[in-house]
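# Survey of secondary and tertiary structure
Next come the chains, spelled out residue by residue.
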Amino acid sequence: MMTYIIIASIALILIVLGLIFFIRIKSFKPNPNKTEQLKQLNDDLHSAGFAYNYKNDYFYAVKDCWQRETGYCALYDEGTPFFNMIIDCEPITFSYNGKRWLIELWKGQYGITTGAEIGIYNTVSEDIHSEKFTGTFYEPISDDEQLEMSFVLFKNGKKLLKRKACHWWLTAFKLGEFSETDSLVMKAKIKFPTRDMCKAFTDALIRTGYKQKEFSVKNKTVTIHYTKPHTPQPTAPEKIQAFSVQQVNKTNCGAYRIATAKYSDTLDKLEYLRSFVPELYEFMLHSLYAKEFFDAFEWLIKLIRHHKHPEPPCKPEPPCKPEPPCKPEPPCKPEPPCKPEPPCKPEPPCKPEPPCKPCSCNQTLCKQHCKRYHEHQISDCCDSPQYKRGYTGYEEE
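Report follows, based on the coordinates. From a predicted model like this one, the values you see are computed outputs, not experimental measurements.

Each helix and strand in the protein was counted, giving 11 helices and 14 strands. Here the protein holds 397 residues, and the buried ones make up 40% of them. In the protein, the share of contacts with a sequence separation of at least 24, taken over all contacts with a separation of at least 6, comes to 63%.

Structure (structure tokens):
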């Protein structure tokens with residue numbers, strides 16, 4: 001009895017949740033503001049490198065998308081079926097202005113969309129030779145090398161997509177549209193900057209197998225009628241795999257159309273999916289060259305970076321202009337000579353001592369003792385009383 005009660009409770013809960021979900025779906029009303037809807041969608045697409053054109057109802061790759069840094073090589077084309085892309089590839093290679101160029105056309109089924117592309121790449125590097133990959137790896141072109149391009153994609157004779165821009169990777173994808181590659185015809189136009197580059201490209205078209213009726217030239221613009229590729233296709237040996245992938249793509253496109261049948265506007269369809277079937281919404285966002293596609297070739301990107309030639313050294317900067325010599329400082333003014341000191345006044349000469357008076361006494365004795373008498377300031381030794389008395393007892397010094 002308890003088991004039946006539990007089962008009945010679970011069933012009741014599921015019925016209630018189903019009713020709530022049904023009521024929410026029935027009451028859902030898309031945002032009538034198309035500007036807000038478009039901004040929300042493009043914000044969600046930004047990380048994928050794409051945007052949505054509301055006026056013409058297609059998705060496209062923006063110029064500065066992250067895919068630009070991944071370059072391109074034949075190995076990418078070989079890997080497309082593993083990511084639900086069954087497309088016709090037409091690589092046209094030629095040399096011009098010291099570089100090897102690749103201009104490739106694509107058309108076909110890209111997961112849950114039908115679309116077309118024109119990509120332009122070039123390289124100055126040598127081919128890669130490794131165990132996993134041998135061939136040319138092309139780098140993204142610079143902004144100055146981008147070309148004016150346009151294409152119109154027809155499906156069973158009816159125009160499906162149209163795009164025009166100066167670009168390096170011109171793309172357009174129609175959501176929910178399923179197509180076999182042989183039902184699509186692409187009319188592509190490329191305007192070249194010089195006649196020499198234009199001729200190098202048309203010569204390459206002829207080498208690839210294009211006949212005069214399949215392309216035309218006017219001034220420097222080449223128009224290509226791309227119905228089926230002239231180059232060997234990477235998926236040719238795997239027809240069974242291509243058929244299986246297309247069956248999945250067809251089923252997914254049908255599921256999208258059924259889930260959004262209530263709405264005719266793509267923005268309304270996607271807002272509805274975002275609200276009620278987020279898994280399908282996320283699947284749609286990542287069906288166009290998702291990062292998982294290039295993640296599968298991460299080993300190749302590392303290999304390419306390893307083989308890249310070193311960048312040329314930077315040009316030496318011009319030497320600095322010599323600074324003008326400093327102006328010589330003016331010489332110091334000579335200091336005025338010192339005034340000569342006045343000569344010292346000569347000291348007056350010493351007065352001469354008066355000569356001794358002649359002595360009338362004993363001359364011999366007087367001469368011997370004259371000096372002493374002079375020291376005693378006796379003017380005349382003979383005047384000494386001792387000499388007058390005839391005293392001769394003075395001792396010599």
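All told, the structure shown has 11 salt bridges when counted by the stated rule. Here Arg68 and Asp143 are joined by a salt bridge, their closest N and O atoms 2.8 Å apart. In this pair, Arg68 is assigned in the loop between strand 2 (58–61) and helix 3 (74–79) and Asp143 in the loop between strand 8 (139–140) and strand 9 (147–155), connecting sequence segments 75 residues apart. On the accessibility criterion, Arg68 (13% relative accessible area) is buried. The residue Lys107 makes a salt bridge to Asp88 at a minimum N-O spacing of 2.9 Å. Of the two residues, Lys107 sits in strand 4 (residues 99–110) while Asp88 sits in strand 3 (residues 85–96), which places them 19 residues apart along the sequence. Assigned by exposure class, Lys107 and Asp88 land together as buried. Several salt bridges converge on common partners, so that one network encompasses Lys34, Asp265 and Asp268.

With that settled, the discussion passes to the pairing of strand 2. Relative to strand 2, strand 1 (residues 50–53) runs antiparallel, the two sharing four bridges. In the strand pairing of strand 2, Phe50 is matched with Ala61.

Turning next to the side chain of Glu117. Among the secondary structure elements, Glu117 is positioned in strand 5 (residues 113–123). No salt bridge is formed by the buried Glu117. Its closest oppositely charged neighbour is Arg163, at 10 Å. Within the structure, the side chain of Glu117 is placed 2.8 Å from the side chain of Trp169, a separation counted as a polar contact.

Next up on the list: the packing of aromatic side chains. Under the definition given, this model contains 19 aromatic pairs. Ring geometry for Tyr58 and Tyr60: centres 6.1 Å apart, planes at 75°, overall edge-to-face. With 6.0 Å between their ring centres and 80° between their planes, Tyr121 and Trp168 make a pair best called edge-to-face. With a gap of 47 residues between them, Tyr121 in strand 5 and Trp168 in the loop between strand 10 (158–167) and strand 11 (169–175) connect regions that are remote in the sequence. Take Tyr121 and Trp168: they sit in the same class, and that class is buried. What links up through ring pairs into an aromatic cluster is the set Phe50, Tyr72, Tyr76, Trp106, Tyr110, Tyr121, Phe137, Trp168, Trp169 and Phe173.

Time to look at a positive patch on the surface. A cluster of basic residues, Lys159, Lys162, Lys164, Lys187, Lys189, Lys191 and Lys218, forms a positive patch on the protein surface. When residues of the positive patch are traced back to their parent elements, those giving at least two are strand 10 and strand 12 (184–191). Relative to the helices and strands, Lys187 resides in strand 12. Note on Lys187: relative accessible area 34%, which makes it partly exposed.

It is worth spelling out the pairing of strand 5 at this point. The element strand 5 is extensively covered by neighbouring structure, given that 11 of its 11 residues are classed as buried. What you see with strand 5 is no split at all: Thr113, Gly115, Glu117, Gly119, Tyr121 and Thr123 on one side and Thr114, Ala116, Ile118, Ile120 and Asn122 on the other are buried throughout. Where strand 4 and strand 5 come together, 11 bridges link them in antiparallel fashion. Along strand 5, the bridge assignment pairs Lys107 with Ala116. Here strand 4 hands over to strand 5 after two residues, with Gly111 in that stretch at a positive phi of 65°. Alignment of strand 5 against strand 11, held across seven bridges, turns out to be antiparallel. Bridge pairing in strand 11 places Ile118 opposite Leu170.

Not every positive phi belongs to a glycine, and Asn84 is a case in point at roughly 60°. With relative accessibility at 22%, the residue Asn84 sits in the partly exposed group. If you check the backbone angles, Asn156 has positive phi at about 50° while not being a glycine. Mapped onto the elements, Asn156 comes out in the loop between strand 9 and strand 10. With a relative accessible area of 60%, Asn156 lands in the exposed category.

Strand pairing in a sheet is mediated by backbone hydrogen bonds. Such pairs are either parallel or antiparallel. Overall, antiparallel pairing links the five strands, which are arranged 10-9-12-14-13 in an open sheet. The open sheet has two edge strands with one neighbour each: strand 10 and strand 13 (215–218). Across this sheet, the average inter-strand angle for adjacent strands is 10°, counted without regard to direction. Note: strand 9 against strand 12, eight bridges, orientation antiparallel. Within strand 12, the position partnered with Phe151 by the bridge is Ala188. The sheet contacts of helix 4 (residues 195–208) involve strand 12, strand 13 and strand 14 (221–226), and relative to strand 14 the element is tilted by about 20°.

Analysis parameters
- Residue positions are given per chain, counting from 1 as you read along its sequence in written order.
- Per-residue local features are limited, in this predicted model, to residues with pLDDT of at least 70; the limit for side-chain atom pairs, both in listing and counting, is 80 or more; totals at the level of whole chains, interfaces and linings are taken over all residues.
- The side-chain values count all of the structure's non-hydrogen atoms but skip hydrogen atoms and water molecules.
- A run of H or I in DSSP becomes a helix once it reaches four residues, and a run of E becomes a strand once it reaches two; helices and strands are each numbered from the N terminus.
- Each residue's exposure class comes from its accessible area (1.4 Å probe, protein chains only) as a fraction of the maximum for that residue type: buried when under 20%, exposed when over 50%, partly exposed otherwise.
- What makes two residues a contact is simply this: any of their non-hydrogen atoms within 4.5 Å.
- The term salt bridge refers to a side-chain nitrogen of Lys or Arg lying within 4 Å of a carboxyl oxygen of Asp or Glu.
- Paired strands are those between which DSSP finds at least two bridges.
- All tallies of charge rest on Lys and Arg as positive and Asp and Glu as negative; His and the ends of each chain are not included.
- Counted as a polar contact is a pair of N or O atoms within 3.5 Å, where, for protein atoms, one must be capable of donating a hydrogen and the other of accepting one, and residues adjacent in sequence contribute only when both atoms are in side chains.
- Between the rings of Phe, Tyr and Trp (Trp by its six-membered ring), a pair exists once the centres lie within 6.5 Å; its type follows the angle of the planes, with under 30 degrees stacked, over 60 edge-to-face, and the other angles tilted.
- Residues qualify for a patch when their relative accessible area is over 30% and they have no salt bridge, like charges being joined within 9 Å and the nonpolar side chains of Val, Leu, Ile, Met, Phe, Trp and Tyr within 5 Å.
- A 1.4 Å probe and the Shrake-Rupley method give the accessible areas. Residues count as covered only by the protein chains that appear here.
- Positions of charges follow a simple convention, taking NZ of Lys, CZ of Arg, CG of Asp or CD of Glu.
- The axes used here are C-alpha line fits, helices contributing only the stretch in contact, and every angle between their N-to-C directions lies in the interval 0 to 180 degrees.

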